[in-house]
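Descriptive analysis of the structure
Below are the chains, spelled out letter by letter.
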Amino acid sequence: MKKFILLLVTLSVTLLPAAADYQVMVLGDIHFDAKKYHTSPDGKIVTRYSEPYVEMWKGKAQNMLRNSAEKMDKNFPFVIQLGDFIQGYTATNEGLAQMLTESFYEVKKFFPNHKLLVVKGNHDVRRQTSVKFVNGKMIQTASWEHQIYEQTFLPLMARELGRASVKSNYAVVYNNDLYIFYDDFAEPQPQTSINFLKDTLDAHPDVRNIFFITHIPLLPSGVYKTGWLLPSYPEVVKILARRRNVIILAGNSHQPSFLQLKVGNNTLTQLVVSSIAYSWGSSKNAEIIADSKEQFYAILNKDGKMSNPSTSKAMKFLEPLKVEKLIIYRRETMRGFAVLKIRDNGSVDAEIYNSPSPRPAAVIKLR
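Nothing here was measured: the structure is a model prediction, and the numbers come from that model.

Some details on the packing of helix H7 (residues 233-240) against helix H9 (residues 309-318)
Pairs of packed helices are described in terms of their axes, by the angle between the two and the distance that separates them. One way to put it is that H7 packs onto H9 with a least axis distance of 12 Å and a crossing angle of 25 degrees. The angle between H7 and H9 falls in the class roughly parallel. The handedness of the crossing between H7 and H9 is right-handed. The residues of H9 that touch H7, namely those facing Tyr233, Pro234 and Val237, are Lys313, Ala314 and Phe317. Residue composition of the contact of H7 with H9, grouped by class: five nonpolar, no polar and one charged.

Pasting the structure below:
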């Protein structure tokens, strides 16, 4: 009998029925926001909010979510969201807790019959602590509020999974496919998450596909935030590269991309999804800005980004490795959602939708 299994760091399990061929909805960063979260009740603290995100959540984000939900049926066991569920940077801790809770229910109403599974993003745990202006430029500081996320958002994840509790690192097995939700910001960082990753992989040596779900990309494949990669990414790459059929799902950069990389005898595949719905509803053609490592380097050199130490370090890491496939899209032409099609023979395709059109803007063979 095929099974749906929830694993915590303790590797306890729950069993539910599974399908043969199935599909998974994947949402990238959605940055739920509204002005009300950025002013304290006494009006004394006012923090900067993102006007584009506030405007996006007056209808376009909801339309995108509605369009994604319309593509789902009983063959979709769950929805995966890749972090930055909210914009964060609220005026108070109470405002951050309120934003986390209200955002979940706002999104969940589009998927009432499907599990909504989320990985932690940096904006999900950020509260603004000060705002000042220096020479007309706004300077912001913010604090990390992991405890608020644990107290408000993780219980919602536990409820989705039918558990009494869940940690920010968790895993799900469905139809012999392993989904690892990896906390990029775990404390103490990064050993807590690395140990979880090792333990989970060791406990499941014979799964068919491994989906490694991370907010920050593991591999450099975007021109805007090339150097901001998952902490300790060289070590995590080594761990994952010991296994076959690893597919990395990431957000953060807001730039959709696809990368297949040969590491030793195995291949790592990374798909970055963006769900920033600024222009949702207008038809557009997907535009590729780089489809080789050479073009990737050329763009970074032209834009002067290679002078950034973190970008230079990331590209030096990529340099000796064999890139089998690389596609980087112009980010404003591929914002939307992805539908993973996982077939019983083990093949995995990703359909990327950048508009309400019934036809995907791109179909990418992940395996």
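Here's the deal with the confidence of the model for the protein chain
Chain-level statistics for the protein chain give a pLDDT mean of 90 and a share of 93% at 70 or above. Segment residues 8-17 is flagged for pLDDT under 50; beyond a separation of four residues in sequence, or across chains, it makes 28 contacts in the model.

Here we look at unusual backbone geometry
Here histidine 31, not a glycine, exhibits a phi torsion of approximately 50 degrees, which is positive. Its location among the elements puts histidine 31 in the loop between strand E3 (22-27) and helix H1 (51-56). Residue histidine 31 is classed as buried on the basis of its relative accessible area, which comes to 1%.

Concerning the pattern of salt bridges
Under the definition given, this model contains 13 salt bridges. A salt bridge links lysine 198 to glutamate 235; the shortest N-O distance between them is 4.0 Å. Residue lysine 198 is found in helix H6 (residues 191-203), and its partner glutamate 235 is found in helix H7; the two are separated by 37 residues along the sequence. Residue lysine 198 is classed as partly exposed on the basis of its relative accessible area of 32%. Residue classification places glutamate 235 among the partly exposed positions, given a relative accessible area of 31%. For glutamate 287, the salt bridge identified is with arginine 330, shortest N-O distance 3.0 Å. A residue pair is termed long-range when its members are at least 10 positions apart, and glutamate 287 in the loop between strand E13 (266-272) and strand E14 (288-290) and arginine 330 in the loop between strand E15 (322-329) and strand E16 (337-342) qualify at 43 residues. Classification of glutamate 287 as partly exposed rests on a relative accessible area of 34%. One salt-bridge network, held together by shared partners, links Asp177, Arg208 and Asp344.

Comments concerning the packing of aromatic side chains
Enumeration over the complete set of coordinates arrives at 17 aromatic pairs. Between phenylalanine 104 and phenylalanine 153 the ring centres are 6.0 Å apart and the planes differ by 90 degrees, which places this aromatic pair in the edge-to-face class. In this pair, phenylalanine 104 is assigned in helix H3 (residues 93-108) and phenylalanine 153 in the loop between helix H4 (146-152) and helix H5 (154-160), connecting sequence segments 49 residues apart. Centroid distance tyrosine 182 to phenylalanine 212: 5.0 Å. Interplanar angle 45 degrees. Geometry classified as tilted. Note that tyrosine 182 is positioned in strand E9 (residues 177-182) and phenylalanine 212 in strand E10 (residues 209-214), a separation of 30 residues in sequence. With respect to class, tyrosine 182 is no different from phenylalanine 212; both count as buried. The rings of Tyr22, Phe78, Tyr174, Tyr179 and Phe211 are connected pair by pair, giving a single aromatic cluster. One cation-aromatic arrangement involves arginine 126 over tryptophan 144; the distance from NZ or CZ to the ring centre is 4.1 Å.

Things to note about H9
Among the residues making up H9, those that are buried are Thr311, Ser312, Ala314, Met315, Phe317 and Leu318. Packing partners of the buried residues in H9 comprise H7, strand E12 (257-263), helix H8 (293-302) and E15.

Things to note about H8
For H8, the complete set of buried residues consists of Lys293, Phe296, Tyr297, Ile299 and Leu300. Down the axis of H8, the buried side of the element spans an arc of 160 degrees, and every buried residue falls inside it. Looking at H8, the residues exposed on the side facing more than 90 degrees away from the buried face are Glu294 and Lys302. Close packing links the buried residues of H8 with E14, H9 and E15. Just beyond H8, the residue with positive phi is glycine 304, at close to 75 degrees.

As for the side chain of asparagine 252
Mapped onto the secondary structure, asparagine 252 falls in the loop between strand E11 (246-250) and E12. Of the polar contacts made by the side chain of asparagine 252, one reaches the side chain of histidine 215; its length is 3.3 Å. With near-sequence residues (within four places) excluded, asparagine 252 lies in contact with Asp29, Asn122, His215, Ile216, Pro217, Lys225 and Trp228.

Rules behind the numbers
Residues numbered from 1 in each chain as written. Predicted model: local features only at pLDDT ≥ 70, side-chain atom pairs only at ≥ 80, totals over all residues. Heavy atoms only, no water. Axes fitted to C-alpha atoms, helices over the stretch in contact; angles between N-to-C directions. Helix = DSSP H or I, 4+ residues; strand = E, 2+ residues; numbered from the N terminus. Parallel < 35°, antiparallel > 145°, perpendicular 65-115°, else oblique. Left-handed = near helix turned anticlockwise from the far one by under 90°. Contact = heavy atoms within 4.5 Å. Nonpolar A, V, L, I, M, F, W, Y, C, P; charged D, E, K, R; others polar. pLDDT = per-residue confidence, 0-100. Buried < 20%, exposed > 50% of the residue type's maximum accessible area, 1.4 Å probe, protein only. Salt bridge = Lys/Arg side-chain N within 4 Å of Asp/Glu carboxyl O. Phe/Tyr/Trp six-rings, centres within 6.5 Å; stacked < 30°, edge-to-face > 60°. Lys NZ or Arg CZ within 6 Å of the ring centre and 35° of its normal. Arc of directions from axis to C-beta. Polar contact = N/O pair within 3.5 Å; in protein donor to acceptor, adjacent residues only side chain to side chain.

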